[in-house]
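Chain by chain, the residues:
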Amino acid sequence: MTVANYSASLDALENTVSGISWVKKVESENIRLEFSEVYDHEIPYIQIYDNGQTFTHQMGQVLVNWQIAVELALKSSSEGVVNMRTLLDKRQEIEQAIGANVNLGIPGVINVTYLQNTPDLNLVRPFYTTTLLFNVQYRKKYVSEC
């Protein structure tokens, strides 16, 4: 049985999102806690990070559900004005890009499902942000230690 690898899954998600034509920067290593840390030339900016896991034991295997957050930040610039409709359209493009490759092209990944999104209702100006939550599901062999 081929086992999915965390870093390979993260790389595949990062590559998928980087392939969207309007995305300028995708980050999964140096997560920014505040969007004020993002430079204007990096926007539209996306950061991808681990959002936790759940495990279910199933007859010698473990079913893993790994939640990954994909956070999008937009900001008006000389290239165009951003509003809530812009945010919704960009969010949908991200959903479709990730959803087009149900197992990320990685043997061992069962599927990737879109769970939810959480827009920043405070709309911390000048940014429009939303966080999309995806679930990467795979099985791995259970190893018990005695």
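For clarity, every value in this text was computed on a predicted model and none was experimentally measured. (Residues numbered from 1 in each chain as written. Predicted model: local features only at pLDDT ≥ 70, side-chain atom pairs only at ≥ 80, totals over all residues. Heavy atoms only, no water.)

J.: Would you mind showing me how to read the overall build of the protein chain here?
T.: If you tally the helices and strands in the protein chain, you get two helices and five strands. Tracing the protein chain from N to C terminus, the helices and strands come up as α-β-β-β-α-β-β. Along the three orthogonal principal directions, the C-alpha set of the protein chain runs to about 60 × 25 × 25 Å. Residues classed as buried in the protein chain amount to 40% of the 146 residues present. The long-range share in the protein chain, meaning contacts at least 24 apart out of those at least 6 apart in sequence, stands at 59%. With an accessible surface of roughly 8400 Å², the protein chain has 49% of that area assigned to carbon and sulfur atoms. (Helix = DSSP H or I, 4+ residues; strand = E, 2+ residues; numbered from the N terminus. Buried < 20%, exposed > 50% of the residue type's maximum accessible area, 1.4 Å probe, protein only. Contact = heavy atoms within 4.5 Å. Areas by Shrake-Rupley, 256 points an atom, 1.4 Å probe, with all protein chains shown as cover.)

J.: So what exactly am I meant to see when it comes to the nonpolar core here?
T.: One broad trend across soluble globular proteins is that nonpolar side chains are buried collectively. Counting 30 residues, the largest nonpolar core has Ile46, Ile48, Val70, Ile94, Ile98 and Val136 as the members making the most contacts within it. Those elements that provide at least two residues to this core are helix H1 (6–18), strand E2 (45–58), strand E3 (61–75), helix H2 (84–99), strand E4 (109–119) and strand E5 (127–141). The element contributing the most residues to this core is E3, with seven residues. Apart from the residues lying within four places of it in its own chain, the contact partners of isoleucine 46 are Val17, Val23, Lys25, Val26, Glu27, Val70, Glu71, Leu72 and Ile94. Ranked by size, the runner-up nonpolar core spans six residues in total, among them Phe35, Val38, Ile43 and Phe127. (Core = buried A, V, L, I, M, F, W, Y, C linked by side-chain atoms within 4.5 Å.)

J.: What exactly am I supposed to notice about the side chain of glutamine 67 here?
T.: Within the secondary structure, glutamine 67 sits in strand E3. Contact partners of glutamine 67, with chain neighbours within four places excluded, come to Tyr49, Asp50, Asn51, Gly52, Leu115, Leu133, Phe134 and Asn135.

J.: Honestly, H2 in this entry has me stumped. Any pointers?
T.: Note on helix geometry: an α-helix contains 3.6 residues per turn, so any two residues three or four positions apart are oriented the same way. The terminal C-alpha atoms of H2 lie 22 Å apart, and with 16 residues this matches the ideal 22 Å at 1.5 Å per residue to within 8%. The inward-facing, buried residues of H2 abut H1, E2, E3, E4 and E5. N-capping of H2 is provided by asparagine 83, with a side-chain oxygen placed 3.0 Å from the backbone N of arginine 85. (Expected span 1.5 Å × (residues − 1). Polar contact = N/O pair within 3.5 Å; in protein donor to acceptor, adjacent residues only side chain to side chain.)

J.: How should unusual backbone geometry be read in this particular structure?
T.: Residues other than glycine predominantly adopt negative phi, and peptide bonds predominantly adopt the trans conformation. Across the junction of isoleucine 43 and proline 44, the peptide omega takes the value 5°, indicating a cis bond. The phi angle at leucine 104 is positive, at roughly 60°, despite the residue not being glycine. Along the chain, leucine 104 falls in the loop between H2 and E4.

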